[in-house]
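# Remarks on the overall topology
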Amino acid sequence: RLHALCLVMIAQTPSSKLAARLCAPSSSAVLLLVVLAIAAAVTHRESSDQGGEDGETGRETDFWTCDRECRWRFDFYDRRVRGKTVGLFKRTCVCWRGTQQLGHVPYRFTEAPFLGPPPLSNMYANAREFDPDFWADRYTTPFLCAVDLRVAPPIPRTFDAGCSPGDCKAGKAKLEAHGLTVLHCGRCGACSSPEDIKVLFDTRETITAHTTECSTKFKISNTIGLRAQKLGELKQCLRQAGITFSDDGRAWEEPVGKPTCFDCWTDNIMNDAQLCWNHCLGKFVKSGNAGHFAKDPCLQCDEYTSGPAFIACAGANRRSAGIKSDIDRGDLVGTKWEQKICTVGICSSQGNATSPCAAPLPWREY
């Protein structure tokens with residue numbers, strides 16, 4: 001396990017003097033493994049024709065880094081936009097939509113480095129700003145995502161409910177007067193379907209630990225493993241743990257080319273693997289959920305580095321749907337880092353009352 005950690009560190013930062021000191025080879029066999037790890041880290045993008053992205057590995061796609069960067073710049077919700085990593089020591093991304101070249105974007109660039117909460121007070125250099133239309137950061141969005149459960153299939157839609165910070169009961173009441181059910185605060189996204197919100201609720205106590213476990217196996221296999229796992233295998237690991245997000249775009253009225261809920265989650269995992277590895281080294285040894293946000297640099301890096309793209313893709317997460325998660329965020333209350341739960345989300349409940357999301361699907365009108 002210690003050798004694996006060393007190789008991951010070197011693969012991510014080949015020129016790091018610290019990594020070299022920690023992992024100084026004592027034999028030719030170890031040296032060979034180090035060389036192989038570095039080679040895996042600088043492997044350039046090779047297209048796969050087996051099962052689309054699900055048939056690709058993190059090793060051959062550079063963990064889809066340029067796909068994410070190109071979509072962030074050119075069209076966030078178009079999965080046809082893809083990128084290729086070029087260069088060795090100074091990398092960049094060449095972006096494409098089909099056969100049309102869109103241009104170049106920086107490789108792993110940042111827009112808004114963010115200082116995390118005490119006691120760690122870490123600086124997350126690759127953080128990005130949240131879109132205020134979604135339930136995140138300042139939690140001031142006026143929007144609600146709602147659905148007509150009397151219609152099949154129920155397609156979530158975004159409504160400007162005129163919500164004010166800390167209060168959206170009036171906006172919820174207006175939508176309910178028109179026969180709509182509020183699903184969550186903020187704009188709708190790929191995970192806004194009732195089925196995906198149900199998965200969020202059912203796995204609320206386990207999803208962080210299981211996602212970490214599956215993603216750790218995927219990262220190690222694609223960095224130093226003899227056989228790199230494919231993206232489809234990562235999804236299968238998650239499904240076996242009960243994380244059965246939809247993969248058919250059901251939250252969209254026009255799903256072709258749009259991200260699925262599973263896409264949002266696996267994109268988040270890949271972004272963490274590339275940009276949060278140095279904050280998550282402990283997960284390679286013990287992949288369970290630490291559970292305390294203010295004291296867990298891995299959870300913080302995920303929130304501030306991968307969170308902005310994730311919530312814009314998914315729309316629904318546990319907090320926006322009114323679900324209390326398996327992560328302790330109590331230390332943040334009253335600070336600028338506070339992470340609020342939407343009180344009008346479909347899964348919210350008062351006191352010890354049973355959450356509506358405990359009911360089996362299909363949900364009916366509430």
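Report on the accompanying structure. All figures in this text were calculated on a predicted structure; none of them were measured in a lab.

Before going further, it helps to spend a moment on the overall build of the chain. A tally of helices and strands in the chain yields 13 helices and eight strands. In the chain, which comprises 366 residues, the share counted as buried stands at 50%.

This brings us to the packing of helix H5 (residues 65–74) against helix H10 (residues 261–275). Here H5 crosses H10 at 110°, and the two axes come no closer than 10 Å. The angle between H5 and H10 places the two elements in the roughly perpendicular class. Note on packing geometry: the crossing formed by H5 with H10 is left-handed. Every residue of H10 that contacts H5 at Thr65, Arg68 and Arg71 is listed here: Asp267, Met270, Asn271 and Gln274. Residue composition of the contact of H5 with H10, grouped by class: one nonpolar, three polar and three charged.

Structurally, Arg319 is set in helix H13 (residues 318–321). Those residues in contact with Arg319 that sit more than four places away from it in its chain are Trp135, Tyr139, Glu303, Arg329, Gln339, Lys340, Ile341 and Cys342.

Below, the discussion takes up the nonpolar core. The biggest cluster of nonpolar side chains holds 39 residues, and the ones touching the most others in it are Ile197, Leu234, Phe245, Trp265 and Met270. Only strand E6 (143–147), helix H7 (194–202), helix H8 (207–223), helix H9 (231–240), H10 and helix H12 (297–314) provide two or more residues apiece to this core. Sort the elements by how many residues they give to this core and H10 lands first, with seven residues. Every residue in contact with Trp265, bar those within four places of it in the chain, is listed here: Cys191, Leu200, Ile207, Thr211, Phe245 and Phe310.

On to the sheet that holds strand E7 (residues 157–160). With respect to topology, three strands assemble into an open sheet ordered E7-E6-E8, the strand pairing being antiparallel. Two strands close off the open sheet at either side, each with one partner strand: E7 and strand E8 (181–185). Adjacent strand axes in the sheet meet at a mean angle of 40°, parallel and antiparallel pairs treated alike. In terms of strand pairing, E6 meets E7 through four bridges, oriented antiparallel.

Quick look at the sheet that holds strand E3 (residues 100–106) now. On the basis of which strands lie adjacent, the open sheet formed by three strands has the order E1-E2-E3 and antiparallel pairing. For this open sheet the edge positions go to strand E1 (81–86) and E3, each flanked by a neighbour on one side alone. Strand after strand, the sheet turns through a mean of 30° between neighbouring axes, direction not considered. The pairing of strand E2 (residues 92–97) with E3 spans six bridges and is classified as antiparallel. The residue bridging Trp96 from the neighbouring strand is Gln101, located in E3. Here H5 sits on the sheet in contact with E1, E2 and E3, set at roughly 125° to E1.

Applying the stated criterion to the full structure yields 12 aromatic pairs. Through pairs of rings, three or more aromatic residues link up here, namely Trp72, Phe76, Tyr77 and Trp252. Over the face of the ring belonging to Trp72 we find Arg128, whose NZ or CZ atom lies 4.5 Å from the ring centre. The side chain of Lys258 reaches across the aromatic face of Trp252, ending 4.8 Å from its centre.

As paired strands, E1 and E2 are joined by six bridges and run antiparallel to one another. Bridge assignment links Val81 to a residue of E2, and that residue is Arg97. Hairpin connection between E1 and E2: a loop of five residues separates the two successive antiparallel strands, and Gly87 in this loop has a positive phi of roughly 90°. With antiparallel pairing between neighbouring strands as the criterion, E2 and E3 make up a hairpin whose turn holds two residues, including Gly98 at a positive phi of roughly 65°.

Cysteine pairs can be linked by a disulfide, which is a covalent bond between their two sulfur atoms. In total, this model carries 11 disulfides according to the counting rule given. In this model, Cys264 is linked to Cys313 through a disulfide, with the two sulfur atoms separated by 2.0 Å. Because the torsion about its S-S bond is -75°, the bridge between Cys264 and Cys313 counts as left-handed. With Cys264 in helix H10 and Cys313 in helix H12, this pair connects stretches of sequence that are 49 residues apart.

The residue after Pro118, namely Pro119, is reached through a cis peptide bond having omega 15°. Omega for the peptide link from Leu361 to Pro362 comes to 0°, which places this bond in the cis form. If you trace the backbone, Pro362 turns up in the segment after H13. The backbone of Ser121 shows a phi angle near 50°, a positive value even though the residue is not glycine. Secondary-structure assignment places Ser121 in the loop between strand E4 (114–115) and strand E5 (123–124). Exposure remark for Ser121: the relative accessible area of 37% places this residue in the partly exposed category. With a phi close to 60°, Asp137 is a non-glycine residue in the positive phi region. Among the secondary structure elements, Asp137 is positioned in the loop between E5 and E6. Judged by relative accessible area, which is 30%, Asp137 ranks as partly exposed.

Quick notes on the rules
Throughout, residues of each chain are indexed from 1 in the direction in which the sequence is written. Owing to the predicted nature of the model, reporting of local features is limited to residues with pLDDT of at least 70; listing and counting of side-chain atom pairs is limited to 80 or more, with chain, interface and lining totals taken over all residues. No hydrogens and no water enter the side-chain calculation; it runs on all heavy atoms of the structure. Under the scheme used here, helices are H or I runs from DSSP no shorter than 4 residues and strands are E runs no shorter than 2 residues, and both carry numbers assigned from the N terminus. Partly exposed residues are those whose accessible area sits between 20% and 50% of the maximum for their type, while under 20% is buried and over 50% is exposed, using a 1.4 Å probe and protein chains only. The axes are straight lines fitted to the C-alpha atoms, using for helices just the contacting stretch, and the angles between their N-to-C directions are given from 0 to 180°. To sort the angles, those under 35 degrees are grouped as roughly parallel, those over 145 as roughly antiparallel, those from 65 to 115 as roughly perpendicular, and the leftovers as oblique. By convention the crossing between two helices is left-handed if the near helix lies anticlockwise of the far one by an angle smaller than a right angle, and right-handed if it lies clockwise. Note on definitions: a residue-residue contact is assigned when non-hydrogen atoms from the two residues lie within 4.5 Å. Note on residue classes: Ala, Val, Leu, Ile, Met, Phe, Trp, Tyr, Cys and Pro are nonpolar, Asp, Glu, Lys and Arg are charged, and everything else, Gly too, is polar. Among buried residues, the Ala, Val, Leu, Ile, Met, Phe, Trp, Tyr and Cys ones that are joined through side-chain atoms within 4.5 Å form a nonpolar core. In this scheme, strands are said to pair when DSSP sees at least two bridges between them. Any Phe, Tyr or Trp ring, taking Trp's six-membered ring, that has another such ring centre within 6.5 Å forms a pair; planes under 30 degrees apart are called stacked, those over 60 apart edge-to-face, and the others tilted. Two conditions define a charge located above a ring, namely a distance within 6 Å from the ring centre to NZ of Lys or CZ of Arg, and an angle within 35 degrees of the ring normal. In this description, the term disulfide denotes a pair of cysteine sulfurs within 2.5 Å.

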